[in-house]
Amino acid sequence: MDIALELAQSAVKACAADNYNVSAAVVDRAGVLRALLRADNAGVHTPDSARRKAYTAVSLRAPTSAIAKNIQDNPAAAQLVAVDGFLILAGGVPVKIGNETIGAIGVGGAPGGNLDEACALAAIKQVEGKLK
């Protein structure tokens, strides 16, 4: 739980450094919410989008940006957008120890999913040494 909170705090701070008001959600390997933080001026929709991005990333064990690209490139994957609880927008990233997915982080609220993802990746990098 401590690492989940640290991940969420690190993501919100990383985005704040670029003047983006975001929410960050961390889920465990089962998709259960472990931490959720919303910057003071983040949009009202951002906590839910962050949680859903994290849930999508852990469920498919892939960054949501890669999932979105796969859907664009592969019409057979198009119905992934209809899976209950999924949000196929960049900003969700699995958290791994080696090859094992132990959870995911989702960020929502920056002016682009690529920026949400950058904040999520910065947060993971911040706690890498603690993931053992």
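Rules used throughout
Residues numbered from 1 in each chain as written. Predicted model: local features only at pLDDT ≥ 70, side-chain atom pairs only at ≥ 80, totals over all residues. Heavy atoms only, no water. Phe/Tyr/Trp six-rings, centres within 6.5 Å; stacked < 30°, edge-to-face > 60°. Helix = DSSP H or I, 4+ residues; strand = E, 2+ residues; numbered from the N terminus. Buried < 20%, exposed > 50% of the residue type's maximum accessible area, 1.4 Å probe, protein only. Disulfide = S-S within 2.5 Å. Pairing = 2+ DSSP bridges. Axes fitted to C-alpha atoms, helices over the stretch in contact; angles between N-to-C directions. Contact = heavy atoms within 4.5 Å.

### Some thoughts on the packing of aromatic side chains
Moving on, step 1. Enumeration according to the criterion identifies 1 aromatic pair in this entry.
Moving on, step 2. On the basis of an interplanar angle of 70° and a centroid distance of 6.0 Å, the ring pair of Y55 and F86 is categorised as edge-to-face. Note that Y55 is positioned in helix 2 (residues 46-60) and F86 in the loop between helix 3 (64-73) and strand 3 (92-97), a separation of 31 residues in sequence.
Moving on, step 3. Overall, Y55 belongs to the partly exposed group, its relative accessible area being 27%.

### Let's talk about unusual backbone geometry
Moving on, step 1. Positioned with a positive phi, N19 is a non-glycine residue whose angle comes to about 65°.
Moving on, step 2. Tracing the chain through its elements places N19 in the loop between helix 1 (2-16) and strand 1 (23-28).
Moving on, step 3. Among the residues examined, N19 registers a relative accessible area of 70% and is labelled exposed.
Moving on, step 4. The backbone of R61 shows a phi angle near 55°, a positive value even though the residue is not glycine.
Moving on, step 5. In this structure, R61 sits in the loop between helix 2 and helix 3.
Moving on, step 6. Among the residues examined, R61 registers a relative accessible area of 53% and is labelled exposed.

### Digging into the state of the cysteines
Moving on, step 1. If you walk through the whole model with that rule in mind, you get 1 disulfide.
Moving on, step 2. Sulfur-sulfur distance for the disulfide between C15 and C119 comes to 2.0 Å. Disulfide C15 to C119: torsion about the S-S bond roughly 115°, handedness right-handed. Remark: C119 occurs in helix 4 (residues 113-127) and C15 occurs in helix 1; sequence separation between them is 104 residues. In terms of burial, C15 and C119 fall into one category: buried.

### Brief notes about the sheet that holds strand 2 (residues 33-38)
Moving on, step 1. Across the sheet, 4 strands lie side by side as 2-1-4-3; this open sheet has antiparallel pairing. Strands at the two margins of the open sheet, each flanked by one partner only, are strand 2 and strand 3. Sheet twist, expressed as the mean angle between neighbouring strand axes with direction ignored, is 15°.
Moving on, step 2. The pairing of strand 1 with strand 4 (residues 100-108) spans 6 bridges and is classified as antiparallel. Opposite A25, over in strand 4, you have G106 as the bridge partner.
Moving on, step 3. Against the sheet, helix 4 engages strand 3 and strand 4, with an angle of about 135° to strand 4.

### What about the pairing of strand 4?
Moving on, step 1. A large share of strand 4 lies buried, amounting to 7 of its 9 residues.
Moving on, step 2. Pairing geometry for strand 3 and strand 4, over 6 bridges, is antiparallel. Its bridge partner being in strand 4, K96 is matched across the sheet by T101.
Moving on, step 3. Hairpin connection from strand 3 to strand 4: 2 residues lie between these consecutive antiparallel strands, with G98 at a positive phi of about 65°.

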